[in-house]
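# Structural description and commentary
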Amino acid sequence: MQVKIEKKSILDVNADVIIVNLFEGVKNPAGVTGIVNKEYKNLISEYVIKKEKFTGKYGEIYKLPLPDKEKIILIAGLGSQKDFTADKIRNLTAKIVRNCSSLGNVKKIVSILHGAGIAGLCPQLCAQMITEGAISGTYSFDKYKSVKNEIKIKEFIIAETDNEKYKKAKKGVETGIIVGNAVNNTRNLINESSQYLYPETLAQYAVENSGVKTTVYNKAHIKKMGMNAFLAVGQGSVHEPKFIHMEYKPEKKAKRKIAIVGKGITFDAGGLDLKPPSSMLTMRDDMSGAAAVISTMNAISQLKPDVEVHGIIAACENMPSGSAYKPGDVIIAKTGRSIEIDNTDAEGRVTLADALAYAEELKVDEIIDIATLTGACMVALGTVASGIMGNNDKKIQEFIQTAKEAGERYWQLPMYEEYGDTLKSDIADTKNTGGRMGGASAAGIFLSKFIKNTPWIHIDIAGTAFLETKNDEGIKGGIGVGVRSLIKYITK
Ligand code: BES
Ligand code: MN
Ligand code: ZN
């Protein structure tokens, strides 16, 4: 589907569906909705609002078929004006597009620039939200279905006559296309079966799709770089581990340098500490952090900020086998710190220990890791918010705020020293895990031991990366969480 903006009246675009909106409680539509109302003999005010009792509650949708033409006016409720946010535009648009797809014969949609009228939001932001929502709304993972969810919608047009608003909105559409596709590509990677997506194919994907210089290191090279912790996790698999380094360098001198590190366990069986079936079922999603990093790099390659960005992934599979790493093994990580393996299922942090150490050697100004790291984080925050921690409160707060603007929720978890008590080992510098209590924070403390002094943010997306039931955008399975926030945080 193509999203475009046209400098035309909504009435002059020939489409199958015309999308307008109403705030809650409005009886006499103004703005573009008012124009459409007038054009069609006050059907919106007299019929939809008065007779059909359309209230304008957020997410309410009314489809008004026009008698003489093969056209539908779709009226969407924006909710109360005081609670209105740009973020709602994205979710609403996704919902609208889904709704239109279910009509079957809709090829072309024309929409009002929600939010840029009475609500007075920035037209660029509104257009970006609509575009992201429209792209998200057409997402489905049906590559393995013999009957595809064929999406007939070919064009989604935003109509805007005001020159200033049009110009700003055009930029918003451009950004929205980049971000929306980044999110959908992340979802595709997460949803892909691990039988096809393993370290080598993930690395190949990065080479072909990151849009930036991408170097892939094989096992021998990883060994040379001293990443024994990473290698230990992957040693039980028939698939060779791959270390992926993507680099974006701006044309101008970089204002800052950032490394983003994604957990890239292409399947987490738990290793010899095997997971029970119900926990293992969705563990192809254990590379959601890596997927977010690859897609973010691709978006960055197009948005071209004056920031140097490194995308780093230590990709491997955590499997039980005769060659698998074992509880009680002691491994010397890249930094020289020794790790006693207490539980082979706490593998993400072991791979990240080396990936973070590698990132720190790049002499960046900050490091952000994103990982489906702990079930404990999922227990704490559910599927509603991702956990965030780190060694730099200011940057954590900055990230939370930026993410909020990108429509994602992060909740800071504590990193009190005591959470590290359970990690004390009799035979090594640290154990990889201690107990179940405070598990998300303990994992954070573990990671912190592999960073010397670079400002660092750790994001735990165990609960938010993959959903069993649909979210506000109507998406289940891989969500693409983190992508919008990372892009916004890097480009702001
Ligand atoms: N990949 C899992 C964490 C996870 C759990 C992600 C649920 C998504 C949904 C991670 O590698 C893991 O197994 N963590 C263990 C750690 C424990 C052994 C200390 C956990 O959380 O149970
Ligand atoms: Mn695990
Ligand atoms: Zn894992």
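Owing to the predicted nature of the structure, the values given are computational and were not obtained by experimental measurement. (Residues numbered from 1 in each chain as written. Chains lettered and ligands numbered in written order. Predicted model: local features only at pLDDT ≥ 70, side-chain atom pairs only at ≥ 80, totals over all residues. Heavy atoms only, no water.)

Those donors, K263 (NZ), D268 (OD), D286 (OD) and E347 (OE), are the protein atoms that reach the zinc ion (ligand 3), and they lie 2.0 to 2.4 Å from it. Around the zinc ion (ligand 3) sit six donor atoms; with metal-centred angles ranging over 78 to 174°, the donor geometry is octahedral. Mapped onto the sequence, the donors of the zinc ion (ligand 3) take the spacing K-x4-D-x17-D-x60-E. The metal-metal distance between the zinc ion (ligand 3) and the manganese ion (ligand 2) is 3.2 Å, with D268 serving as a donor to both. Of this pair, D268 sits in strand β9 (residues 256–268) while E347 is found in the loop between β12 (338–340) and α11 (348–361), placing the two residues 79 residues apart along the sequence. (Donors = N, O, S within 2.8 Å, 3.2 Å for Na, K, Ca; no water. Tetrahedral: all angles 85-135°; square planar, octahedral: opposite > 155°, others 65-115°. Helix = DSSP H or I, 4+ residues; strand = E, 2+ residues; numbered from the N terminus.)

Once that is clear, we can look at the sheet that holds strand β16 (residues 430–431). Across the sheet, which stays open at both edges, the three strands sit in the order β11-β12-β16 with mixed pairing between neighbours. Here the strands that pair on one side only, and so sit at the sheet edges, are β11 (330–332) and β16. (Pairing = 2+ DSSP bridges.)

Neighbouring residues of ligand 1: 16 residues in total, closest K275, D286, D345, E347 and G375. Look at ligand 1: alone it shows 520 Å² of surface, and the protein chains cover 81% of it. Judged by its atoms lying within 2 Å of the grid points, ligand 1 is housed in the largest pocket. Partitioning the shell around ligand 1 into residue classes produces four nonpolar, five polar and seven charged. (Near = heavy atom within 4 Å. Areas by Shrake-Rupley, 256 points an atom, 1.4 Å probe, with all protein chains shown as cover. 1 Å grid on protein atoms, 1.4 Å probe; cavity = no way out; pocket = protein on both sides within 12 Å on 5 of 7 lines; lining within 4 Å. Sits in = over half its atoms within 2 Å of the grid points. Nonpolar A, V, L, I, M, F, W, Y, C, P; charged D, E, K, R; others polar.)

Next up on the list: the environment of T344. Its location among the elements puts T344 in the loop between β12 and α11. A sequence separation of 30 residues divides T344 from A314, and the C-alpha atoms of the two residues are 17 Å apart. From its side chain, T344 meets the backbone nitrogen of L272 in a polar contact 3.2 Å long. (Polar contact = N/O pair within 3.5 Å; in protein donor to acceptor, adjacent residues only side chain to side chain.)

The next point concerns the coordination of the manganese ion (ligand 2). On the protein side, the manganese ion (ligand 2) has D268 (OD), D345 (O), D345 (OD) and E347 (OE) as donor atoms, found 2.1 to 2.2 Å from it. For the manganese ion (ligand 2), the six donor atoms in the first shell make angles of 71 to 169° at the metal, a pattern classed as irregular. Of note, the donors binding the manganese ion (ligand 2) are all from one chain and are spaced D-x76-D-x1-E.

The next thing to look at is the pattern of salt bridges. Applying the stated rule across the entire model yields 25 salt bridges. The salt bridge involving D83 is made with K82; its shortest N-O contact spans 3.6 Å. Overall, the relative accessible area of 74% leaves K82 in the exposed class. Between K334 and E361 there is a salt bridge; the shortest N-O distance is 3.3 Å. You can see K334 sitting in the loop between β11 and β12 and its partner E361 sitting in helix α11, a full 27 residues away along the chain. Where salt bridges share partners, they join D87, R90 and E132 into one cluster. (Salt bridge = Lys/Arg side-chain N within 4 Å of Asp/Glu carboxyl O. Buried < 20%, exposed > 50% of the residue type's maximum accessible area, 1.4 Å probe, protein only.)

The strand order across the open sheet built from six strands is β1-β6-β5-β2-β4-β3, with neighbouring strands paired in mixed fashion. Looking at strand neighbours, the two that pair on one side only are β1 (2–6) and β3 (61–65), the edges of this open sheet. Sheet twist, expressed as the mean angle between neighbouring strand axes with direction ignored, is 25°. Two strands pair when backbone bridges link them, and strand β2 (residues 17–23) and strand β4 (residues 72–79) are joined in this way by seven bridges, in the parallel orientation. Paired with I18 across the two strands is I73, which belongs to β4. Sheet contacts for helix α3 (residues 86–101): β2, β3, β4, β5 (108–111) and β6 (155–159); angle to β4, the most-contacted strand, approximately 150°. (Axes fitted to C-alpha atoms, helices over the stretch in contact; angles between N-to-C directions. Contact = heavy atoms within 4.5 Å.)

Next up on the list: the side chain of E160. Looking at the element boundaries, E160 is found in the loop between β6 and α5 (163–191). Buried E160, no salt bridge; nearest opposite-charge side chain is K165, N-O distance 5.0 Å. Beyond its immediate sequence surroundings of up to four residues, E160 is in contact with I5, E6, K7, K8, L113, K165 and Y166. (Lys, Arg positive; Asp, Glu negative; His and termini not counted.)

The next thing to look at is empty space enclosed by the protein. Under the definition given, this model contains one cavity of 30 Å³ or more. Looking at the largest cavity, its volume works out to about 40 Å³. Lining the largest cavity, in full, are R90, E132, S136, V179, G180, V183, N184, R187, E473 and R484. Partitioned by chemical class, the residues of the lining of the largest cavity number two nonpolar, three polar and five charged. (Points joined across faces, edges and corners; volume = space filled by probe spheres on them.)

Quick look at the domain arrangement of the chain now. Partitioning the chain into structural domains gives domain 1 (2–160) and domain 2 (188–491). Taking only C-alpha atoms into account, the centre of domain 1 sits 38 Å from that of domain 2. Tallying the contact residues gives 11 residues for domain 1 and 12 residues for domain 2. Regarding the contact of domain 1 and domain 2, the summed buried area is about 1,100 Å², with carbon and sulfur atoms giving 46% of it. (Domains from an automatic or database assignment. Buried area = accessible area lost by both parts, 1.4 Å probe.)

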